[in-house]
Amino acid sequence: MQTIEFELAPGAPYIEVNQLLKVTGISDSGGAGKAMVADGMVRVDGAVETRKTAKIRAGQAVSCGNVRIVVQAAGQA
C-alpha cells in the first residue's frame, strides 16, 4: 500500500476529505472526491466515511483503494 504524508497548511485545523483526495491526486477534482465518498470507497481511520466534507484533522489516516494518506499538523512532516 502506498502511503502519502500530507501536511496541513499553517493555521489550518483541518481539511475536508474531498479536498484532501483532490490535493493528493487521488481524485481529479473535489466533486470526484465527493463521488468516491458517496460510493463508499473512502475510509477514515479504518471506518467507511459517508460525509463528503468530513473534517480530517492531524493524526487521522484516510485510505482509498491502495493509497493511505496520513495527515499531519503544519511543521510536522
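Residues numbered from 1 in each chain as written. Predicted model: local features only at pLDDT ≥ 70, side-chain atom pairs only at ≥ 80, totals over all residues. Heavy atoms only, no water.

Caption draft 1: Spotlight on the pattern of salt bridges. Overall, the coordinates contain 1 salt bridge when judged by the stated rule. With its nearest N and O atoms 2.9 Å apart, the salt bridge here joins Arg51 to Glu49. The class of Glu49 is buried, set by a relative accessible area of 7%. (Salt bridge = Lys/Arg side-chain N within 4 Å of Asp/Glu carboxyl O. Buried < 20%, exposed > 50% of the residue type's maximum accessible area, 1.4 Å probe, protein only.)

Caption draft 2: A look at the packing of aromatic side chains. One pass over the full model with this rule turns up 0 aromatic pairs. Positioned over the ring face of Tyr14 is Lys55, at 4.9 Å from the centre of the ring. (Phe/Tyr/Trp six-rings, centres within 6.5 Å; stacked < 30°, edge-to-face > 60°. Lys NZ or Arg CZ within 6 Å of the ring centre and 35° of its normal.)

Caption draft 3: Molecular detail of the pairing of strand E6 (residues 61–64). A two-sided burial pattern is seen for E6, the buried positions comprising Ala61 and Ser63 on one face and Val62 and Cys64 on the other. Pairing of strand E3 (residues 42–44) with E6, which is carried by 3 bridges, proceeds in the antiparallel orientation. Of the residues in E6, the one forming a bridge with Val44 is Val62. As paired elements, E6 and strand E7 (residues 67–72) share 4 bridges and run antiparallel to each other. If you follow Val62 over to E7, its bridge partner there is Ile69. Connecting the antiparallel pair E6 and E7 is a turn made up of 2 residues, with Gly65 showing a positive phi of about 65°. (Helix = DSSP H or I, 4+ residues; strand = E, 2+ residues; numbered from the N terminus. Pairing = 2+ DSSP bridges.)

Caption draft 4: Just the sheet that holds strand E1 (residues 2–7), in detail. Ordered by their spatial adjacency, 5 strands build an open sheet running E1-E7-E6-E3-E4, and the pairing between neighbours is mixed. Because the sheet does not close on itself, it has two edges, and the strands there are E1 and strand E4 (47–48).

Caption draft 5: Just the nonpolar core, in detail. Core analysis: the biggest nonpolar cluster contains 18 residues, and Phe6, Val17, Leu20, Val42, Ile56, Val62 and Ile69 have the highest contact counts within it. Secondary structure elements with two or more residues in this core: E1, helix H1 (17–23), helix H2 (30–38), E3, E6 and E7. Contacts of Val62, omitting those with residues within four sequence positions, involve Val17, Leu20, Val42, Arg43, Val44, Ile56, Val67, Arg68 and Ile69. (Core = buried A, V, L, I, M, F, W, Y, C linked by side-chain atoms within 4.5 Å. Contact = heavy atoms within 4.5 Å.)

Caption draft 6: Structural view of the environment of Ile56. Inspection of the secondary structure assignment puts Ile56 in strand E5 (residues 55–56). On a C-alpha basis, the gap between Ile56 and Gln72 in space is 10.0 Å, while along the polypeptide they are 16 residues apart.

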